[in-house]
Amino acid sequence: MTDTVHLGHLALTWDQAFLAYPSTPGWAHHDVAELPDGRLVAGHPDGRSLRVYRPDGSLLHEMDLGAVETHGLTVDPATAEVWVADNGHKYTPDQPDYDEIRIPGRLLKVTADGERVGELVQPDTAAYDRATWAPTAMLALDDGGLWVSDGYGLSLLHRYDADGTYRETVDGSDSGTPFDTPHAIVTRTHAQGAAHGTEMLVADRANHRIVVLDTAGRTLRTFGAEHLTSPSGIAVLPDGTLLVTDLFGALVALTSEGDLVGRLGVPTPEAEQRDAWPNERCDGLTVRPPLEPTRLNSPHGIHVTSTGGVLVTEWVIGGRVVRLTPA
């Protein structure tokens, strides 16, 4: 089903059937990414698996990774392999509510056929003497460097060399406020006078802001606190516009400097959210809510494809991926 929606100056066609999922009680906490050949990879609501789609959105195959929660996905630009941030926490079907599993997270590297080819281990630092990490996202830089956000653990960013050697940890405190749930991390190229450079953008969710860092992890600036309630994912359009998923029900467009361009949807304040949000109660049971066309429920991950489409995943029983394309 397609409809037209507006996000600031952007007119977009809404398609919520582009990537189909089987009917399942799995509570999806998934992401989506694109391989260099145009195939798409998305987490399955069961948390264990990845689904690989053809560029037209038809399912190619599934691969069972034995993960707990395939949360964040990043394609390594050097190898076209997929990094999977398994945060180790999963809501599992039970009634009347959902039960949960919580074990140490993992950072896995797999081929598009599901072969495991690498893994980053938890940093051997004093910070984890009495804690375990719960990675939510990973970033592979063009120079081979790797950054991991421990978004559901200790709210830290960790840097590794290309060979997986741990180098350092930053906590965002040089911004004046330490990170609190650094949920997603992406790069963008920016102009600096006649030169160009690469910045990292962190969706610092519980601080309601975007943090901009250089690739060495030093904070350059922050923005967005006046426009965002729960930033979960970030994507960059070719013109530099930033698209941010706001988990409480909106997609927010910002200029490259953080000024508001527009919103698709209005975030629902936590105090006003329905019982069992992002799902709902029906006859005392926790069930998937009706997911209406043109209305976001709980936008989580986001990716801009090479053909200009915007894919948005939602944190909800059964999962949903909405495709937005220029109308």
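Before any of the text, the structure's been laid out above.
All of the points below concern the structure found in this document. The model shown is predicted, which means the values in this text are computed figures rather than measured ones.

1. Re the overall build of the protein chain
Step number 1: For the protein chain, the count of helices and strands is zero helices and 31 strands.
Step number 2: Against the compact-globule benchmark of 20 Å for 327 residues, the protein chain has a radius of gyration of 19 Å, which places it among compact chains.
Step number 3: The dimensions of the protein chain, computed from C-alpha atoms along their principal axes, are 50 × 45 × 40 Å.
Step number 4: Residues classed as buried in the protein chain amount to 55% of the 327 residues present.
Step number 5: When contacts within the protein chain are restricted to residue pairs at least 6 apart in sequence, long-range pairs at least 24 apart make up 47% of them.
Step number 6: Accessible surface for the protein chain amounts to roughly 13600 Å². Of this, 48% is attributable to carbon and sulfur atoms.
Step number 7: A distance of 1 Å separates the average location of the 24 positive side-chain charges in the protein chain from that of its 46 negative side-chain charges.

2. Some words on the layout of surface pockets
Step number 1: Roughly 1100 Å³ of volume is contained in the largest pocket.
Step number 2: Looking at the lining of the largest pocket, the elements with two or more residues in it are β4 (32–34), β8 (70–75), β14 (137–140), β18 (182–192), β22 (231–236) and β28 (299–304).
Step number 3: Here the lining of the largest pocket takes seven residues from β18, the largest share from any one element.
Step number 4: Of the residues contributing to the lining of the largest pocket, the split by class is 21 nonpolar, 16 polar and six charged.

3. Remarks on the sheet that holds strand β16 (residues 156–160)
Step number 1: Pairing is antiparallel in the open sheet, where four strands are placed in the order β14-β15-β16-β17. Edge positions in the sheet fall to β14 and β17 (166–170), since each has one partner strand and no second. Neighbour-to-neighbour, the strand axes of the sheet open up by a mean angle of 20 degrees, direction not taken into account.
Step number 2: Bridge count between strand β15 (residues 146–150) and β16: five bridges; the pairing is antiparallel. Within β16, the position partnered with Trp 147 by the bridge is Arg 159.

4. Side note on the pairing of strand β9 (residues 82–86)
Step number 1: Burial of β9 is extensive: five of the five residues sit out of reach of the surface.
Step number 2: Neither face of β9 is open: one carries Val 82, Val 84 and Asp 86, the other Trp 83 and Ala 85, and all of them are buried.
Step number 3: Direction of pairing for β9 relative to strand β12 (residues 106–110): antiparallel, over a ladder of five bridges. The partner of Ala 85 across the bridge, within β12, is Leu 107.

5. Points about unusual backbone geometry
Trans is the common state for peptide bonds, and a negative phi is the common state for residues other than glycine.
Step number 1: A cis geometry characterises the amide bond from Gln 95 onward to Pro 96, with omega recorded as 15 degrees.
Step number 2: Secondary-structure assignment places Pro 96 in the loop between β10 (89–92) and β11 (99–102).
Step number 3: The peptide bond linking Trp 277 to Pro 278 adopts the cis configuration, its omega dihedral lying at 10 degrees.
Step number 4: Inspection of the secondary structure puts Pro 278 in the loop between β25 (260–264) and β26 (280–282).
Step number 5: Positioned with a positive phi, Ala 80 is a non-glycine residue whose angle comes to about 65 degrees.
Step number 6: Position of Ala 80 relative to the elements: it lies in the loop between β8 and β9.

6. Details of the nonpolar core
The nonpolar side chains of a soluble globular protein tend to be buried, and buried together.
Step number 1: Residues Leu 7, Leu 243, Leu 251, Leu 264, Val 310 and Leu 324 are the most contacted members of the largest nonpolar core, which totals 18 residues.
Step number 2: For this core, the elements supplying multiple residues, two or more each, are β1 (2–7), β2 (10–15), β24 (250–254), β28, β29 (310–314) and β31 (320–326).
Step number 3: Examining the composition of this core, we find that three residues originate from one element, β2, more than from any other.
Step number 4: When sequence neighbours within four positions are dropped, the list of residues in contact with Leu 264 reads Val 5, His 6, Leu 7, Trp 14, Gly 249, Ala 250, Leu 251, Thr 294, Leu 296 and Leu 324.

7. Observations concerning the sheet that holds strand β13 (residues 116–120)
Step number 1: Taken in spatial order, the four strands of this open sheet run β8-β9-β12-β13, and their pairing is antiparallel. The open sheet has two free edges, formed respectively by β8 and β13, since each of these has just one partner strand. Each strand of the sheet is rotated relative to its neighbour by a mean of 25 degrees, with strand direction disregarded.

8. Structural notes on the pairing of β10
Step number 1: Inspection of the sheet shows β10 paired to β11 by four bridges, in the antiparallel sense. If you follow His 89 over to β11, its bridge partner there is Arg 102.
Step number 2: If you look at the hairpin formed by β10 and β11, you'll find six residues sitting between the two strands.

The rules behind these values
One numbering rule holds for all chains: residues counted from 1, following each sequence as written. Two thresholds apply to this predicted model, a pLDDT of at least 70 for residue-level local features and 80 or more for giving and counting side-chain atom pairs, whereas whole-chain, interface and lining totals are computed over all residues. Neither water nor hydrogens contribute to the side-chain values; these are computed over all heavy atoms in the structure. Put simply, DSSP H or I for four residues or longer makes a helix, DSSP E for two residues or longer makes a strand, and each gets a number counted from the N terminus. The globule rule used for comparison is 2.2 Å times the number of residues to the exponent 0.38, while the radius of gyration itself is calculated over C-alpha atoms. For every residue, the accessible area obtained with a 1.4 Å probe (protein chains only) is divided by the maximum for its type, and the residue is called buried under 20%, exposed over 50%, and partly exposed between those limits. Whether two residues touch is decided by their heavy atoms; if any such pair falls within 4.5 Å, the residues are in contact. For the area figures, the Shrake-Rupley method with a 1.4 Å probe applies, and any residue is considered shielded solely by the protein chains shown. Under the counting rule used here, the positive set is Lys and Arg, the negative set is Asp and Glu, and His together with the chain ends is not counted. In plain terms, the charge of a residue is placed at NZ if it is Lys, CZ if Arg, CG if Asp and CD if Glu. Cavities and pockets are defined on a 1 Å grid built over the protein atoms alone: a cavity is a set of grid points where a 1.4 Å probe fits but cannot escape, while a pocket is an open set with protein on both sides within 12 Å along at least five of seven lines, and lining residues are those with an atom within 4 Å of any such point. Grid points are joined across faces, edges and corners, and a volume is the space filled by probe spheres set on the points. Residue type decides the class: Asp, Glu, Lys and Arg count as charged, Ala, Val, Leu, Ile, Met, Phe, Trp, Tyr, Cys and Pro as nonpolar, and the leftover types, Gly among them, as polar. Strand pairing is assigned whenever DSSP detects at least two bridges linking the two strands. Lines fitted to C-alpha atoms define the axes, with helix axes restricted to the stretch in contact, and inter-axis angles between N-to-C directions lie between 0 and 180 degrees. We define the nonpolar core as a collection of buried residues of types Ala, Val, Leu, Ile, Met, Phe, Trp, Tyr and Cys that are connected through side-chain atoms lying within 4.5 Å of one another.

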